[in-house]
Each structure stands twice: as C-alpha cells, then as structure tokens.
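Coordinate inspection notes
The chain contents come next:
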Amino acid sequence: MKVLLIYPPRENYIFGITPHVYIEADAGNYQPIGMLYIAACLEKLSGIEIKVLDAHTERYNHEDVKKIIGRFKPDIIGVYFSTYYLKDSLITVENAKNVSPKSYVVAGGPHVALYPKETIDVPSVDCVMVGESEESFSRLAELLASGKSKDIGSLDNVLTKESASNKAPSRGKVNDLDSLPFPARNMIDYKKYSSILTKKNPCTTVITSRGCPFKCYFCSNLESGQRVRYRSPINVVNELEQVIKDYNIYDFLFFDELFTSDKERTISICNEVLKRGLKIRWHCRSRVDVLDEEMVKVMKKAGCRLIQFGIETGNQRLQDVINKKLDLKKVKETVNMVSDYRIYTYADFMFGIPSETAEETRNTLEFAKSLKLDYVAFGMFHPIPGSVFYDQGIKESKFGDFWRDYVVDQAKVIEDHSWTRRDREKFHLIMADAYKKFYFRPGFMIRKLFRIDSLSQMIWQMKSAIRVFSNLILKRFK
Ligand code: B12
Ligand code: SF4
C-alpha cells in the first residue's frame with residue numbers, strides 16, 4: 001500500500017486580510033510537523049510505502065505535484081487544508097483525483113477542524129479527518145489494506161460521503177503525547193528548513209505540548225481554553241538528542257502555542273538539556289503571565305535564544321476587550337527582564353481591535369517602542385473563523401457568516417467586514433507607518449548592533465527588511 005501526504009503549494013493566499021507585503025516569502029521554511037507525526041505512525045505499520053511531499057518548501061507548483069502523483073500512483077493521498085490557502089488545497093485534491101482516480105483522498109488539517117461538513121462536500125474528497133489524526137490515519141490505512149473501506153466512516157473523527165449526513169464527528173486528540181513516535185524528519189529534505197531568526201540553519205521545529213489554557217477572543221485556535229497536554233521533559237529532550245545525532249541540527253523552534261505554560265515542566269526540560277550537556281539554541285512562545293525570572297535564568301542557561309510574546313495591544317482597556325488581560329506594567333517588566341538576560345525578544349501587536357480609537361492605536365505603537373524589543377510584528381485585527389469575535393459578530397448581526405460563504409464558493413470575495421474599504425486602506429498605512437517608526441529609530445539600531453550573534457542572519461534580515469520597506473514606501477500592499 002502506498003501513501004502520499006501532501007502539503008500543497010502556496011500560490012493562492014486570500015488577499016485583503018493581511019497585506020501580502022508582510023507575509024515574507026523569504027522568512028524561512030518550517031516542516032509540516034503534523035503530517036510528519038502521521039507519517040511516523042504509518043511507518044510503524046508493515047507493508048506501507050510512505051512519501052511526504054512538502055510542495056511549498058520544494059517550490060513545486062500544482063503541475064509538478066500532479067506529475068509526482070502520477071508517477072507514485074498512491075493508494076491513499078492525504079492533503080493538508082488551511083483556510084487561508086484553501087484554493088491550493090482544493091486544486092490539489094481535484095488534480096489528485098484527475099491524475100489518480102483510484103486513490104482514496106483524505107483531507108485534514110486546521111481548516112477541516114473548522115469546516116468538516118463543507119470539506120466532505122468537495123467532490124474530490126473521499127473522507128475528512130477532524131483534528132489530530134495520528135491514530136485515525138493509521139486505522140484508515142489498515143482498513144483500506146484489509147478491504148474494509150466501509151468501516152472508515154465509523155471512526156470517531158472521520159466523515160465519509162456516506163456517513164456525513166448523520167454524524168457530527170468528534171475532534172481527534174492524542175491524550176498521551178509521549179506515546180507518539182517522533183516526527184518522521186527522514187521523509188523530508190531536512191537541509192531545506194530554515195528560519196530568518198535562528199542563529200544557524202538548517203533548523204527544526206518541535207512541538208512539546210498541545211493546547212492553550214487561555215481564550216483570547218481574536219484567536220481561532222480550537223485548542224484555546226483547553227486542557228494542555230504535555231510531553232514529559234525526558235521525552236522532549238530525547239527528541240532533541242535524536243535530531244542532533246541524526247541531522248547535526250542544533251537550532252530548534254518550539255512551536256507550542258505556549259511553551260512556558262507549566263513552570264515546573266519548563267524548568268525540568270531546561271535542567272535535562274543542561275544535564276545532558278546539549279549545546280543547543282532554541283526559540284519559544286510565551287506570555288508574560290506564565291514567565292518569571294527564575295524560569296528565564298535557567299532557560300537562558302539551557303540555550304533559549306528568543307522568546308516571542310503575543311502582546312497585541314498597548315492599551316489596558318483593549319487588553320480586556322480581547323480577553324488577553326495582560327497587565328501592561330508586567331509586560332514591560334518581563335520583556336525588559338528577558339532582554340537583559342540577552343535573550344532576543346519578539347512581540348506581536350495588532351491594530352483595529354473592535355472599539356479601538358485612534359488614540360488607542362497610537363498607544364500600541366508608543367508602547368511597542370517603549371519596550372526592549374528586538375523584533376516586532378504589527379498586524380490588523382480581522383474576525384477569523386473559529387474566534388469568539390467572529391461568532392459574536394454573526395450573533396449580533398454585524399456581518400453574515402462570510403467565511404463560510406467563501407468556503408463553499410470561492411467566487412465570493414472575502415471582504416473585510418470590520419471596516420469599510422477606505423478604513424482598511426487607512427489601516428494599511430497605519431501599519432506601514434508603525435513599522436517605519438519602530439525600526440527606523442537610531443536608538444533601536446544601535447542597540448540591535450550590539451546584540452548581533454550571527455552575521456549571516458543579520459545580512460538575511462537586512463535584505464528582507466529592505467524588500468519589505470521598499471514595498472511599503474511604494475505602497476505595494478495588495
Ligand atoms: C507552526 C505554525 C505555522 C508555521 C508552520 C506551518 C507548517 N509548515 O506546518 C508557519 C509560521 C509557517 C505558519 C504559517 C501560517 N499559519 Co500557522 N500555525 C502554526 C501553529 C502555531 C502550529 C502548527 C503545528 O505544527 N501544530 C502541531 C501539529 C501536531 O498539529 P497540526 O499541524 O494541526 O497537525 C495535526 C492535525 O491538524 C492533523 N493534520 C495536519 N495535517 C494533516 C493532513 C492530513 C491529510 C490529515 C488527515 C490530517 C492532518 O493531524 C496532525 C497531527 O495530529 C498553528 C496553531 C496550532 N496550534 O496548530 C498555526 C495555524 C495552523 N496557522 C494558521 C495560519 C492562519 C497560518 C497562516 C495563514 C498565517 C499567515 N497569515 O501567513 C500561514 C499559512 C500556512 C499554511 N499554508 O497553512 C492557523 C490556521 C487557521 C486555519 N483555519 O487554517 C493556525 C491554526 C493558527 C490560528 N489559530 O489561527 N503557521
Ligand atoms: S492567542 Fe495565544 S494565548 Fe491567546 S488563546 Fe490563542 S494561543 Fe492561547
């Protein structure tokens with residue numbers, strides 16, 4: 001039995017949400033780690049030949065993907081679906097069925113978790129798998145191998161054309177993360193994965209926990225407000241050690257929603273890294289309310305190089321509006337403390353939160369400038385599917401279910417329903433202005449020079465910055 005897992009080309013981003021100028025094509029490539037987990041589980045079964053095709057990283061277009069499918073002739077084709085690149089996923093499944101009509105086509109990934117019924121209605125899709133799919137994909141392969149395809153529809157988190165009308169699928173969840181094999185990095189060309197922010201490349205991503213205990217109203221993460229599932233420190237560090245041994249990679253990106261949500265575990269992971277003498281560098285995401293100096297001290301020793309914070313707004317009232325509820329005084333203390341430990345600091349902010357005034361927009365920029373930050377990303381608020389704000393907007397008749405309308409008919413244009421078109425252009429200019437005002441400060445530039453630890457990365461970042469800024473100056477927003 002042959003299985004092909006495809007991460008589609010990224011050619012059709014939904015423009016108009018975030019101006020494309022900020023989606024830096026050259027910022028690096030990250031492994032499709034969810035599919036590598038599925039592949040690792042399939043590898044344990046006998047009689048299965050597996051291929052993972054990361055078309056985005058390989059820079060393959062849809063024609064290339066078609067040819068690869070035609071040559072490999074898979075029995076099962078799994079395709080990653082993301083809402084923002086929905087068209088690319090749809091083109092991929094359609095091409096798959098055209099080139100290889102006998103293949104069983106499975107759709108999975110974040111989009112499917114939001115829109116399972118709409119996805120099973122896509123003619124070229126044979127089944128959708130909702131949520132984490134390591135266990136069910138293996139089960140599906142076994143059922144198909146033993147000629148029991150009729151039973152696929154009875155898997156809890158699966159919808160088939162036959163079972164779709166009378167079933168609400170559950171969301172797949174792996175409870176014991178330590179029971180999973182490590183992602184099958186051997187299935188991809190590990191040398192092609194890199195980040196503009198790491199000290200050295202190639203680098204790799206690692207997921208040490210799943211879920212987030214918080215519930216920010218703008219966030220579409222279906223795992224938010226959920227019990228966090230953690231891997232044990234030993235299991236995590238075993239994976240790091242294996243990556244060093246097999247690929248000689250020392251730069252890691254912990255892509256958990258919130259790496260530091262459990263203080264004791266964070267410290268244990270660091271202590272285990274130190275005990276084994278691993279000379280690694282790593283980046284993670286955190287919030288100032290789940291990070292303190294005791295943690296930062298040991299994180300630094302264990303190789304932590306960058307911490308990314310979602311701060312979102314520099315206005316205290318708006319912190320409550322978005323249900324992030326960070327105390328801005330604490331934000332400042334913590335970010336500056338992290339920076340003083342010579343760990344790079346990165347913060348995400350957004351403009352245009354519901355009810356935000358022009359004064360409050362200015363507060364965010366001024367606040368960002370007042371922090372010891374090395375990197376900053378400014379975005380625009382947009383009600384995204386799966387978020388509390390989106391559901392609330394529909395309930396209060398502020399807008400219709402415009403995302404669903406688009407999902408079922410891509411001829412529908414995703415307009416920004418928060419603002420008029422003129423307002424949106426205004427916000428593009430605000431963002432462009434914020435980037436300029438943040439990065440073009442003599443004090444910032446001098447400080448940055450003193451914090452460089454990699455010349456090659458600095459050159460990459462400067463080239464990228466020049467490209468983004470020239471687009472901004474020429475107002476090439478899209
Ligand atoms: C790391 C990350 C990235 C990385 C790496 C992406 C990559 N190569 O995987 C980068 C920074 C590049 C990125 C980019 C973007 N991302 Co992102 N990203 C994440 C993040 C934080 C973690 C993903 C991850 O590795 N999770 C861990 C693994 C184990 O879970 P998983 O990927 O979901 O995989 C499981 C299941 O989904 C399923 N599954 C996955 N693939 C498949 C395939 C098949 C066939 C099957 C059956 C099942 C299946 O099984 C897997 C194993 O359990 C998630 C948030 C989250 N916690 O998931 C957002 C998230 C996936 N990203 C999101 C978004 C919006 C984006 C961008 C559009 C942002 C932008 N404006 O450019 C781009 C688009 C990229 C794309 N084509 O999807 C959204 C997706 C929303 C949606 N409805 O599609 C998420 C959910 C964040 C959010 N809450 O808004 N992202
Ligand atoms: S924005 Fe971050 S902290 Fe807030 S709910 Fe989403 S993942 Fe959790």
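Residues numbered from 1 in each chain as written. Chains lettered and ligands numbered in written order. Predicted model: local features only at pLDDT ≥ 70, side-chain atom pairs only at ≥ 80, totals over all residues.

This part is about the site of ligand 1. Around ligand 1 lies a shell of 36 residues, among which Gly 34, Gly 78, Ser 82, Gly 108 and Glu 132 are the nearest. Sorting the residues of the shell around ligand 1 by element identifies α1 (33–43), β4 (76–80), β5 (104–108), α4 (110–114) and α6 (134–145) as the ones contributing at least two each. For the shell around ligand 1, the leading source of residues is α1, giving five residues. Broken down by class, the residue content of the shell around ligand 1 amounts to 20 nonpolar, 11 polar and five charged. (Near = placed C-beta within 6 Å. Helix = DSSP H or I, 4+ residues; strand = E, 2+ residues; numbered from the N terminus. Nonpolar A, V, L, I, M, F, W, Y, C, P; charged D, E, K, R; others polar.)

Taken in spatial order, the six strands line up as β3-β1-β4-β5-β6-β7 in an open sheet, and their pairing is mixed. Every interior strand has two partners, whereas the edge strands, β3 (49–54) and β7 (158–160), have only one. Pairwise comparison of adjacent strand axes, ignoring direction, gives a mean angle of 20° for this sheet. Examined bridge by bridge, strand β1 (residues 2–7) and β3 share six bridges and lie parallel to one another. If you follow Val 3 over to β3, its bridge partner there is Ile 50. Taken strand by strand, α1 contacts β1, β3 and β4, and its axis lies near 170° from that of β3. On top of the sheet, helix α3 (residues 86–99) reaches β1, β4 and β5; it is set at about 170° to β4, its chief contact. (Pairing = 2+ DSSP bridges. Axes fitted to C-alpha atoms, helices over the stretch in contact; angles between N-to-C directions. Contact = placed C-beta atoms within 7 Å.)

Another aspect to go through is the nonpolar core. Counting residues in each nonpolar core, the largest one holds 60 residues, and the members touching the most others are Phe 252, Phe 254, Val 335, Ala 347, Phe 351, Phe 378 and Met 431. Every residue in contact with Phe 378, bar those within four places of it in the chain, is listed here: Phe 349, Phe 351, Met 431, Ala 434 and Tyr 435. Judged by nonpolar contacts, the second largest core, of 55 residues, contains Val 52, Leu 53, Val 105 and Val 122. (Core = buried A, V, L, I, M, F, W, Y, C linked by C-beta atoms within 7 Å. Buried ≥ 20, exposed ≤ 12 C-beta atoms within 10 Å, placed from the backbone.)

The terminal C-alpha atoms of helix α8 (residues 263–275) lie 18 Å apart, and with 13 residues this matches the ideal 18 Å at 1.5 Å per residue to within 8%. For α8, the elements touching its buried residues are α7 (233–247) and α9 (293–301). After α8 finishes, the residue Gly 277 shows a positive phi value of roughly 65°. (Expected span 1.5 Å × (residues − 1).)

Where the parts come together, the accessible area they lose is often given as the size of the interface. Here the protein is partitioned into domain 1 (2–160) and domain 2 (193–382 + 418–474). Counting residues at the interface gives 14 residues for domain 1, matched by 16 residues for domain 2. Among the residues forming the side of domain 1 that touches domain 2, the class breakdown is seven nonpolar, five polar and two charged. (Domains from an automatic or database assignment.)

This next bit is on unusual backbone geometry. Going from Asn 201 to Pro 202, the amide bond is cis rather than trans, its omega being 5°. Examined against the element boundaries, Pro 202 turns out to sit in the loop between β8 (194–195) and β9 (204–206). Positive phi, normally seen in glycine, also occurs at Lys 73, with a value near 50°. Looking at the element boundaries, Lys 73 is found in the loop between α2 (62–72) and β4. Positive phi is not limited to glycine here, since Asn 323 has a value of about 60°. With 15 C-beta atoms packed within 10 Å, Asn 323 lands in the partly exposed category.

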